[in-house]
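Commentary on secondary and tertiary structure
What follows is the residue order along each chain.
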Amino acid sequence: MTTRMVLRGGLVADGIGTTTQRADVLIDGQVIASVGLDDASPADCELIDLAPGSVICPGFIDAHVHAEGPLLAAGRVDGALAQGVTTLVVGQDGESWIGATADTAQYLNQYFAPVNGALEPARDFSVAAFRDAVAGRLTQNVAVLASQGTIRHNIVGLAPGPLGHDERAAARREVENALSDGAVGLSSGMDYLPSRFGDIEEVADIAQPLAAAGRPYVSHLRAYGPEVKGGLDELVAVGHRAGIRVHASHLWGAPADIQSAFKAADAAGVAVTYDMYPYRKSSTILAVLLLPAELQSRGPVHTAAALTDPRQRAELLAGEKFTDEFLQDLYLGCLPDNAAEFAGQSITRAAEGSSLSAGEWVLDLLVSTGLNVGAHLDRPSLTDEHLAWLAADDRQCAGSDGIYQGQHPHPRGYGAFARLAKYYLADGPATGYQRLARHLSTNAAEAYGLRKRGRLAAGMAADVCVIGPGGMIDRAIYGAPQVQATGLDLVIVNGIITWRDGQLLTTRFPGQFVT
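Here is a short report on the structure shown in this document. What you are looking at is a predicted structure, and each value in this text was computed from that prediction instead of being measured.

Thresholds, definitions, all that
Residues numbered from 1 in each chain as written. Predicted model: local features only at pLDDT ≥ 70, side-chain atom pairs only at ≥ 80, totals over all residues. Heavy atoms only, no water. Helix = DSSP H or I, 4+ residues; strand = E, 2+ residues; numbered from the N terminus. Contact = heavy atoms within 4.5 Å. Pairing = 2+ DSSP bridges. Axes fitted to C-alpha atoms, helices over the stretch in contact; angles between N-to-C directions. Core = buried A, V, L, I, M, F, W, Y, C linked by side-chain atoms within 4.5 Å. Buried < 20%, exposed > 50% of the residue type's maximum accessible area, 1.4 Å probe, protein only. Polar contact = N/O pair within 3.5 Å; in protein donor to acceptor, adjacent residues only side chain to side chain. Phe/Tyr/Trp six-rings, centres within 6.5 Å; stacked < 30°, edge-to-face > 60°. Parallel < 35°, antiparallel > 145°, perpendicular 65-115°, else oblique. Nonpolar A, V, L, I, M, F, W, Y, C, P; charged D, E, K, R; others polar.

**A short note on the environment of alanine 254**
- One can find alanine 254 in the loop between strand E15 (246-248) and helix H11 (255-268).
- Residues within four places of alanine 254 in sequence aside, it is in contact with Gly225 and His386.

**Remarks on the sheet that holds strand E23 (residues 488-493)**
- If you trace the 7 strands from one edge of the open sheet to the other, you get E3-E2-E7-E22-E23-E24-E25, paired in mixed fashion. One side of each edge strand has no neighbouring strand; the edge strands of this open sheet are strand E3 (21-22) and strand E25 (503-504).
- Bridge analysis of strand E2 (residues 11-12) against E3 gives 2 bridges, and the strand direction is antiparallel. Its bridge partner being in E3, leucine 11 is matched across the sheet by arginine 22.
- Packing against the sheet, helix H20 (residues 429-448) makes contact with E2, strand E7 (55-58) and strand E22 (464-467), and its axis sits at approximately 25° to E7.

**Looking at the sheet that holds strand E4 (residues 24-28)**
- The strand order across the open sheet formed by 4 strands is E5-E4-E1-E6, and the pairing between neighbours is mixed. One side of each edge strand has no neighbouring strand; the edge strands of this open sheet are strand E5 (31-36) and strand E6 (46-49). This sheet shows a mean twist of 20° between the axes of neighbouring strands, independent of strand direction.
- Sheet analysis places strand E1 (residues 4-8) next to E6, joined by 4 bridges and oriented parallel. From the neighbouring strand, methionine 5 faces E6, where its bridge partner is glutamate 46.

**Quick word on the nonpolar core**
- If you look at the biggest cluster of nonpolar residues, it comprises 105 residues, and the most contacted ones within it are Phe60, Trp97, Tyr217, Leu232, Leu251, Leu436 and Leu440.
- Of the residues forming this core, the biggest block, 7 residues, is contributed by helix H19 (residues 412-425).
- With sequence-adjacent residues up to four places away left out, tryptophan 97 is seen in contact with Glu68, Gly69, Leu72, Ala105, Leu108, Asn109, Asn116, Gly117, Ala118, Leu119 and Phe125.
- Grouped together as the second largest cluster of nonpolar side chains are 32 residues, Leu316, Leu327, Leu371 and Leu377 included.

**Some details on the pairing of strand E18 (residues 330-334)**
- Burial analysis of E18 places 4 of its 5 residues in the buried class, the great majority of the element.
- Bridge count between E18 and strand E19 (residues 374-377): 4 bridges; the pairing is antiparallel. Residue leucine 332 lies in a different strand from E19, and its bridge partner there is alanine 375.

**Comments concerning the environment of aspartate 393**
- Looking at the secondary structure, you find aspartate 393 in the loop between helix H18 (384-392) and strand E20 (396-398).
- Spatially, the C-alpha atom of aspartate 393 lies 9.5 Å from that of tyrosine 274, the residues being 119 residues apart in sequence.
- Among residues more than four places away in sequence, those in contact with aspartate 393 are Tyr274 and His439.
- There is a polar contact of 2.9 Å between the side chain of aspartate 393 and the backbone nitrogen of arginine 395.

**Things to note about helix H17 (residues 358-368)**
- Burial in H17 covers these residues: Ala358, Gly359, Trp361, Val362, Leu363, Leu365 and Leu366.
- On its buried face, H17 is in contact with helix H12 (286-290), helix H14 (310-317), helix H15 (324-327), E18 and helix H16 (347-350).
- Directly beyond the C-terminal end of H17, a positive phi value near 65° is found at glycine 370.

**Let's talk about unusual backbone geometry**
- In this structure, the amide linkage connecting glutamate 120 to the following residue, proline 121, adopts the cis form with an omega of -10°.
- Within the secondary structure layout, proline 121 lies in the loop between helix H4 (113-116) and helix H5 (127-134).
- For the bond from leucine 193 to proline 194, the omega torsion is 10°, close enough to zero to count as cis.
- A positive phi is found at aspartate 401, a non-glycine position, where the angle reads about 55°.
- Relative to the helices and strands, aspartate 401 resides in the loop between E20 and strand E21 (402-403).
- Note on aspartate 401: relative accessible area 4%, which makes it buried.

**Side note on the packing of aromatic side chains**
- For the structure shown, the criterion picks out 11 aromatic pairs.
- Between phenylalanine 125 and phenylalanine 130, the aromatic rings sit 6.3 Å apart at their centres with planes inclined by 80°, giving edge-to-face as the arrangement.
- According to the relative accessible area criterion, phenylalanine 125 is buried, its value standing at 3%.
- Seen in terms of ring centroids, phenylalanine 342 and tryptophan 361 are 5.0 Å apart; in terms of plane orientation they differ by 80°. Their pairing is edge-to-face. In this pair, phenylalanine 342 sits in the loop between E18 and H16 while tryptophan 361 sits in helix H17, placing the two residues 19 residues apart along the sequence.

**Quick notes on the packing of H18 against H19**
- The geometry of H18 relative to H19 is characterised by a closest axis approach of 10 Å and an angle of 80° between their N-to-C directions. The angle between H18 and H19 places the two elements in the roughly perpendicular class. Contacts between H18 and H19 involve Leu387, Ala388 and Ala391 on the former and, on the latter, Leu420, Tyr423 and Tyr424.
- In terms of residue class, the contact of H18 with H19 is made up of 6 nonpolar, no polar and no charged.

Dropping the structure here:
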């Protein structure tokens, strides 16, 4: 099979210029050899004539995705590949079993499996171990973040106090080892345990190795929505103390509050980027959406036991989060098999067949499942105008926050990139596809330091996607969340065609562990 091909007849959105240009793209092995017009085809080269109106883009990069489970199991994420995603950045939210000791992996299997899946058997699993486990089995590229919460659990478990001097030194060594193994940054999840136990001083201290490596600190903020400025201020404070650039995960809140925080970051000399997906509902573990952090601080087994205590139950049921008004906006996504019938239903709907109130019913569900439930929360205050503003800002990277666990996942993992395309094409394709290329590829490559990806130019990695003349169309909806997007005619990973005319090609595995 030839390793050289020419894509001819399309418009090129290279992620560099301001408008698309008619050009051919010559691919030689794993790299792009040239981008330009040449009527003659090079020798020993496969010629691929594209449909008129096709647009050639750099392969898209998912800046925030929970795909370590599917990649370890199958080497690819079809819902992302159908949208032109050639590189997935995992190890998000400070809670990945990549980088975990066996004890930490066991904890995460109990606590965070509805998001990342479980590592079975639970075992020591360094960044290098993950890299070796997926070598030769990947259809897409993967980049990995070290996880601050995972590292903290490796050292002190769920101990809530600040890390001591020697413990911080041990945590820094783990960050250094992860970077040496190829990690592209450090993530945290300030809503999650034990990540949230780290304060500004502690996180900045253990993040110091990022400065010399030129890598970012990436955080699921401690606060979003009405309190987003405080969450961003904490992120920027870490960046300022450690001398590093920072990135906010799945950012949302009032644009005025976010702009105020960005202005302060600029004044402090801290570079800030962010990702966000274009959906109003969020998705995570149910316990985090309902239970106070202090109730979860001793781990899932203790938390589930506490939920059987009459006094604790009464206290929770008296709170706003256990009213029908709140629970009607909370939808079940990932459940054990014996509760699968409730997947896709709101908690109030699922509880209708019970003699219990919705609040009592969901407490019993958490107990019976050992907290192993994922859910989606509607956020009425996140308006279409806010989403459009978040998508438009030059700091934004496309990040699906895709979760590929459970019976009824959030549709963002199957449609976020296709849905985002509409924002950039609203003012026409000539400039719109260049904006699309930057937001869906170039910006993430710059944020994570993936220097050979995110643009179409000679010498860059041959990660390419071709959008057909009809454009990308997101098909996944909340009622049918796993329907793949359409409109991608061709996806090329490191010079190998992996997706063609809506069909997966699996005879070769060109994906790489990228750094």
